[in-house]
Amino acid sequence: MELRSVEELMDLLYACRGERPPAGPGGGPGDPHGHALRTAALLRRRRPADKELQVAGLVSPVGRLLWPGDPAARTADAVRPLLGARVARLVRRQAHPGAWVHDDDLASLRQADDEARTADFDAGVLEDWRTVLELTAARNSRLGAVD
């Protein structure tokens, strides 16, 4: 599945509310929707100018809703046409152990992801991120037209 609009992405992100995390040890956050909001909010605080990094933290849970296989790869494939290659690369590589050791962006994403599992703060609501998603999609669309 390829996401073609921010509205489609928002629908998927809203659908993550109430999703159960995978079973087993380290099965993930208790609330994927809240975890994604906290991850994106932490990244917004630490790297306010890097909207693509923030969006990568926000969209990570949608892969579980798409089709069987690796959720990170599914998410990356789905968001690439809409949000661009960098967001897709960050989402895909975030799940790979050690991939973030020599990559500051991945290290920041991984740190925020880990911290969001135990952090307890009001990260706002998904609608707060619509404009950031629209700006990222518009920027990617302009860049795609040039490439």
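Report follows, based on the coordinates. (Residues numbered from 1 in each chain as written. Predicted model: local features only at pLDDT ≥ 70, side-chain atom pairs only at ≥ 80, totals over all residues. Heavy atoms only, no water.)

**Section: the side chain of R130**
Rules: Working definition: helices are DSSP H or I runs of at least four residues, strands are E runs of at least two. Numbering for both runs from the N terminus. Burial classification: accessible surface area is computed with a 1.4 Å probe over protein chains only, and a residue below 20% of its type maximum counts as buried, one above 50% as exposed, and the rest as partly exposed. For the purposes of these results, a polar contact is taken to be a pair of N or O atoms within 3.5 Å, where, inside protein, one atom must be able to donate a hydrogen and its partner to accept one; residues adjacent in sequence count only when each atom of the pair is a side-chain atom. For this analysis, residues touch if any pair of their heavy atoms sits within 4.5 Å.
Summarising the element assignment, R130 is placed in helix α7 (residues 130-146). Given the relative accessible area of 18%, R130 is considered buried. Among the polar contacts made by the side chain of R130, one reaches the side chain of E127 at a distance of 2.3 Å. In this structure, R130 is in contact with V6, E7 and M10, ignoring residues within four places of it in sequence.

**Remarks on the nonpolar core**
Selection rule: Buried Ala, Val, Leu, Ile, Met, Phe, Trp, Tyr and Cys residues that are joined via side-chain atoms within 4.5 Å together make up what is termed a nonpolar core.
L9, L58, L83 and L133 are the most contacted members of the largest nonpolar core, which has 39 residues in total. Among all residues touching L9, those that are not within four sequence positions of it are L3, V59, V62, V79, L82, L83 and L133.

**A closer look at the packing of aromatic side chains**
Short version of the rule: Working definition: rings of Phe, Tyr and Trp (its six-membered ring) pair if their centres are within 6.5 Å, and the pair is stacked with planes under 30 degrees apart, edge-to-face with planes over 60 apart, and tilted otherwise. Note on geometry: a ring has a charge over it if NZ (lysine) or CZ (arginine) is within 6 Å of the ring centre and within 35 degrees of the ring normal.
Following the criterion strictly, the structure yields zero aromatic pairs and no others. Above the face of the W129 ring, R44 is positioned so that its terminal group lies 3.8 Å from the ring centre.

**Concerning the pattern of salt bridges**
Convention followed: Just to be clear on terms, a salt bridge is a Lys or Arg side-chain nitrogen sitting within 4 Å of an Asp or Glu carboxyl oxygen.
One pass over the full model with this rule turns up 14 salt bridges. Where R86 meets D50, a salt bridge forms, and the shortest distance between an N and an O atom there is 2.8 Å. Taken as a pair, R86 in helix α5 (residues 85-94) and D50 in the loop between α2 (32-46) and α3 (51-59) lie far apart in primary sequence, 36 residues in all. Note that R117 and D113 form a salt bridge whose closest N and O atoms lie 2.9 Å from each other. With a gap of four residues between them, R117 and D113 both fall in helix α6 (residues 104-118), about one helical turn apart. For R117, a relative accessible area of 40% gives the class partly exposed. Overall, D113 belongs to the buried group, its relative accessible area being 8%. Linked by salt bridges that have partners in common, R47, D50, E52, R86, D105 and R139 make up one network.

**Thoughts on the side chain of E52**
Tracing the backbone shows E52 in helix α3. Accessibility expressed as a relative area gives 17% for E52, which makes it buried. Setting aside anything within four residues of it in sequence, one finds E52 in contact with L83, R86, V87, L90, T136 and R139.

**As for helix α1 (residues 6-15)**
Threshold: Picture the helix axis, draw a direction to every C-beta atom, and the arc is the one those directions span.
By the burial criterion, the buried members of α1 are V6, L9, M10, L12 and L13. One side of α1 carries all its buried residues, which in axial view fall inside an arc of 160°.

**Some words on the environment of S108**
Inspection of the secondary structure assignment puts S108 in helix α6. Residue classification places S108 among the buried positions, given a relative accessible area of 18%. C-alpha of S108 to C-alpha of L43: the two residues are 65 residues apart in sequence and 7.5 Å apart in space.

**A word on the packing of α2 against α3**
Put simply, the test is: Lines fitted to the C-alpha atoms define the axes, with helices restricted to the stretch that makes contact. Angles between their N-to-C directions range from 0 to 180 degrees. Angle categories: roughly parallel below 35 degrees, roughly antiparallel above 145, roughly perpendicular from 65 to 115, and oblique for all the rest. It is the rotation of the near helix from the far one that decides the hand of a crossing: anticlockwise by less than a right angle makes it left-handed, clockwise makes it right-handed. All amino acids are sorted into three groups, where Ala, Val, Leu, Ile, Met, Phe, Trp, Tyr, Cys and Pro are nonpolar, Asp, Glu, Lys and Arg are charged, and the leftover types, Gly among them, are polar.
Running from N to C, α2 and α3 cross one another at 165°; their axes reach a closest spacing of 7 Å. In terms of their interaxial angle, α2 and α3 are classed as roughly antiparallel. Both α2 and α3 take part in a crossing whose hand is right-handed. Along its contact with α2, which presents A36, L37, T39, A40, L43 and R44, the element α3 presents L53, Q54, G57 and L58. Counted by class, the contact of α2 with α3 contains six nonpolar, three polar and one charged residues.

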